[in-house]
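# An overview of the molecular structure
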Amino acid sequence: MIELKDLYKLYHMGDTVVRALDGIDLTIDEGEFVAIVGQSGSGKSTCMNIIGCLDVPTSGTYKLNGIDVSTMDDDTQAVIRNKFLGFVFQQYNLIPKLNVVENVELPLLYAGISAAERRQKALRALERVGLLDKAKNRPNQLSGGQQQRVSIARALAGDPAVILADEPTGALDSRTGREVIAFLQELNRDGRTIVLITHDNSIAVKAKRIVRLADGKIVYDGPADDPRAVEIPREEEDA
Amino acid sequence: MNFGQSFRLAIKSLTASKARALLTMLGIIIGVAAVIIIISLGDGMQNMVNEQFESMGTNMLVATIIGRSSSRQVRDEDMFALVEKNPDLLAGVSPFVSGRTRNKIGAEVLTATSVSGVSEQYAAIRSLKLTAGRFLQYADVMKMSKVCVIGSYLNDEYFDGDGVGQTVRIGGDNYTVVGTLEEKAGYGKGSDDDAVFIPYTNAQRLNKNAHTAQYYFTAVDSDATDTAKWLIEQKLQSVYGDSDAYLVISMSEMMNMMSTIQSTLMSVLVAIAAISLLVGGIGIMNIMLVSVTERTKEIGMRKSLGAKRRDIRSQFIIEAGTTSAVGGVIGIIVGVLLANVAGSIVGITAIPSTSAIAVSFGVSVAVGVVFGYLPANKAAKLNPIDALRYE
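This is a predicted model, so every value here is computed, not measured.

If you tally the helices and strands in chain B, you get 13 helices and 12 strands. Relative to the globule expectation of 21 Å for 391 residues, the C-alpha radius of gyration of chain B, 33 Å, shows a markedly less compact shape. Summarising its shape, the C-alpha atoms of chain B cover approximately 105 × 50 × 30 Å along the three principal directions. Relative to its 391 residues, chain B shows a buried fraction of 42%. Sequence-distant contacts, at least 24 apart, represent 83% of the contacts inside chain B between residues at least 6 apart.

Each partner contributes to the interface: chain A provides 19 residues, whereas chain B provides 20 residues. Taken together, the elements giving at least two residues each to the side of chain A that touches chain B come down to α2 (74-84) and α3 (100-110) of chain A. Considering only residue class, the side of chain A that touches chain B consists of 10 nonpolar, four polar and five charged.

Time to look at the packing of helix α11 (residues 309-346) of chain B against helix α12 (residues 354-380) of chain B. All names here are of chain B. One can describe the packing of α11 onto α12 by two numbers: an axis separation of 7 Å at closest approach and a directional angle of 150 degrees. Between α11 and α12, the angle falls in the class roughly antiparallel. Crossing handedness for the pair α11 and α12: right-handed.

Where a protein is soluble and globular, its nonpolar side chains tend to be buried together. Within the largest apolar cluster, 113 residues are counted, with the highest numbers of intra-cluster contacts made by I36, A153 and V195 of chain A. Ranked by residue count, the leading element in this core is helix α2 (residues 18-56) of chain B, at 12 residues. Apart from the residues lying within four places of it in its own chain, the contact partners of I36 of chain A are K44, C47, M48, V195, I197, V211 and L213 of chain A. Core analysis: the second largest hydrophobic core is formed by 52 residues, V74, V83, L154 and Y200 of chain B among them.

Before going further, it helps to spend a moment on the packing of helix α9 (residues 251-294) of chain B against α11 of chain B. Residues and elements named next belong to chain B. At their nearest, the axes of α9 and α11 sit 11 Å apart, and the two run at 140 degrees to each other. Viewed along their axes, α9 and α11 adopt a mutual orientation that is oblique. Viewed along their axes, α9 and α11 form a crossing whose handedness is right-handed. Residues G280, I284, M288 and V292 of α9 form the contact with α11, whose participating residues are F316, A320, T323, S324 and G327. Its residues assigned to classes, the contact of α9 with α11 comprises five nonpolar, four polar and no charged.

It is worth spelling out the domain arrangement of chain B at this point. Many descriptions give the size of an interface as the accessible area lost when the pieces come together. Along its sequence, chain B is organised into domain 1 (3-53 + 257-389) and domain 2 (89-218). The distance between the C-alpha centroids of domain 1 of chain B and domain 2 of chain B comes to 57 Å.

All right, on to the confidence of the model for chain B then. All names here are of chain B. For chain B, per-residue confidence averages 88 on the pLDDT scale, and residues scoring 70 or more make up 98% of the total. Across chain B, element-level confidence peaks in strand β7 (residues 147-150) with a mean pLDDT of 94 and bottoms out in helix α1 (residues 3-16) with 79. Confidence metrics for the complex model read pTM 0.74 and ipTM 0.89.

This part is about the pairing of strand β6 (residues 85-88) of chain A. All names here are of chain A. Neither face of β6 is left uncovered, since the one carrying L85 and F87 and the one carrying G86 and V88 both have all their residues buried. Note: β6 against strand β7 (residues 162-166), four bridges, orientation parallel. Looking across to β7, one finds that L85 is bridged to V162.

Let us look at the sheet that holds strand β9 (residues 209-214) of chain A. Residues and elements named next belong to chain A. Spatially, six strands are ordered β6-β7-β8-β3-β9-β10 in an open sheet, and the strand pairing comes out mixed. Single-partner strands in this sheet number two, and they are β6 and β10 (217-223). Between one strand axis and the next, the sheet turns by 15 degrees as a mean value, whatever way the strands run. Pairing of β7 with strand β8 (residues 193-198), which is carried by five bridges, proceeds in the parallel orientation. Paired with I163 across the two strands is I194, which belongs to β8. Packed on one face of the sheet, helix α6 (residues 174-189) meets β3 (33-37), β7 and β8 and runs near 155 degrees to β8.

This next bit is on helix α1 (residues 44-51) of chain A. All names here are of chain A. Among the eight residues that make up α1, eight are buried, leaving the element largely enclosed by the rest of the structure. Three or more residues of α1 are buried, namely K44, S45, T46, C47, M48, N49, I50 and I51. Of the residues flanking the end of α1, it is C53, one or two places downstream, whose phi is positive at about 60 degrees.

Right, let's talk about the environment of P107 of chain A for a bit. Looking at the element boundaries, P107 of chain A is found in helix α3. A count of 31 C-beta atoms within 10 Å places P107 of chain A in the buried class. The spacing of P107 of chain A and K83 of chain A is 24 residues in sequence and 8.8 Å in space, taken between C-alpha atoms. In this structure P107 of chain A touches N82, R154, A157 and G158 of chain A together with L305 and G306 of chain B, once residues within four positions along its chain are discounted.

Attention now goes to unusual backbone geometry. The phi dihedral of C53 of chain A is positive, around 60 degrees, even though this residue is not glycine. Along the polypeptide, C53 of chain A turns up in the loop between α1 and β4 (59-64). A positive phi angle, close to 50 degrees, is found at S127 of chain B, a residue other than glycine. The partly exposed category is assigned to S127 of chain B, around which 15 C-beta atoms lie within 10 Å.

Criteria and thresholds
- Residues numbered from 1 in each chain as written.
- Chains lettered and ligands numbered in written order.
- Predicted model: local features only at pLDDT ≥ 70, side-chain atom pairs only at ≥ 80, totals over all residues.
- Helix = DSSP H or I, 4+ residues; strand = E, 2+ residues; numbered from the N terminus.
- Rg over C-alpha atoms; globule rule 2.2 N^0.38 Å.
- Buried ≥ 20, exposed ≤ 12 C-beta atoms within 10 Å, placed from the backbone.
- Contact = placed C-beta atoms within 7 Å.
- Nonpolar A, V, L, I, M, F, W, Y, C, P; charged D, E, K, R; others polar.
- Axes fitted to C-alpha atoms, helices over the stretch in contact; angles between N-to-C directions.
- Parallel < 35°, antiparallel > 145°, perpendicular 65-115°, else oblique.
- Left-handed = near helix turned anticlockwise from the far one by under 90°.
- Core = buried A, V, L, I, M, F, W, Y, C linked by C-beta atoms within 7 Å.
- Domains from an automatic or database assignment.
- pLDDT = per-residue confidence, 0-100.
- Pairing = 2+ DSSP bridges.

Structure below.
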């Protein structure tokens, strides 16, 4: 499903070259629940941007569903994002001027789906997250946890292959955070592939597999219940 | 694709911040209102002028003799003969002799009243209508009868509207009023209604000068006026041999001239008003640029959900277009109202044509779309990562 091969992402800052991703090889299969963890500056955000088709690697290949997406232009990436990826952000990123169901409809709108079908699919997604009764509310009338569930509904609406959650609990208190993670686990049990990006080990261990990044390299890749998964490498602690 | 939603979003953001929306649209509102007012007043004025020309008779031609010093003079008989010989072109002629006399009604001196010597055909040439009595007749002219026809102002002011049979004293002689005219100018003292018409033969005697300074002709129809004008000029040229000695003007020519002047003037004024539309467009561009910056995160999020550049661009262009269109509609309403007020003050009917309204609306939408393009394009080109991370 997700296949990163020998991936590099370099940034030039004056004379120095920052290796945000320094030779990543990563394969994520359908139905997996993977947490990508690492301190800030470890390259996990860059990794997430590339997996999310928001950015292209300097070198290496990225195949999503067998399609090489590593050299695509802006608009083609947009189509890929729309079709295969659902995003859940830390700040929910709902449009305050639109009501809940209109927010959930957005990816369907860009997919060119008719108004009636959009509404039907959006309502089904809202039902899935248990917020059908809030469909006509404005986002700011909902609690943080509810808003994050709306953004999960939005990610689900287009029925994407992969849900990409970027620090989905970062803005929530720990109880609501756990609820959101439980919800992602539930989606995973239904067979959806989930990639979770977080710096928080207590959240990461809820995934089935952990990929730990440090200085643009994978330093651990294995089951989440392995004690080494949450072990912070020495040099990282010093940083 | 998402026109409906973009449109609704635009309306929502307009209503969400009314003061900002109003200020954004102000340039467009002023520009459109100014254009509507100018066009309405211009059209109203044009109609009024046309009506006046028509009431004077568009078939009319006026020949003015300037060459006073010349030894040869055109005679009234030559002009009558000219009409008689060309019945296919000319329908009538009247000499027009301005009286320079002291006039009285009873003991009161008429200071502003014009006394004109004309023939029996003058009423038909100028489309004068009588309220009572009759106009001057051929016999009055021939016999130099002391009779006159008076305008509505004199009739109302001095004879309570019952002037027939009364007396007006003109240059020492008593003239009997034989007819009273309908109101024409409506402006009272000194106007075309403050007038006395007497046989031109009498006027020539009163002036102690047998020559006529002006002739009023009427052509058989408006198509004949050009040929008729040429004919009269030929005649006068044969008499004076000098084209500066006379001047022949046809009313239809005058009307065309006036129209040309007026439409040129109007184009200039509209062009000036259009500058404010330009300024309005820049105002919209400015606020759209601000809006793009404010909504960077929204743009990033929309892109992450699969919005293409084209989607983002059209969203912002529709928003700019909607803003200026709403401004245009307000401008049209304001313009129509103010044009009405101004029209009633000046005394003309100032109603803009539907085409003027349609064009104003179209132009205001176009201004929004054109000036919205740059900010929209800026939004469309935003990098989704930078946009998402923007705080």
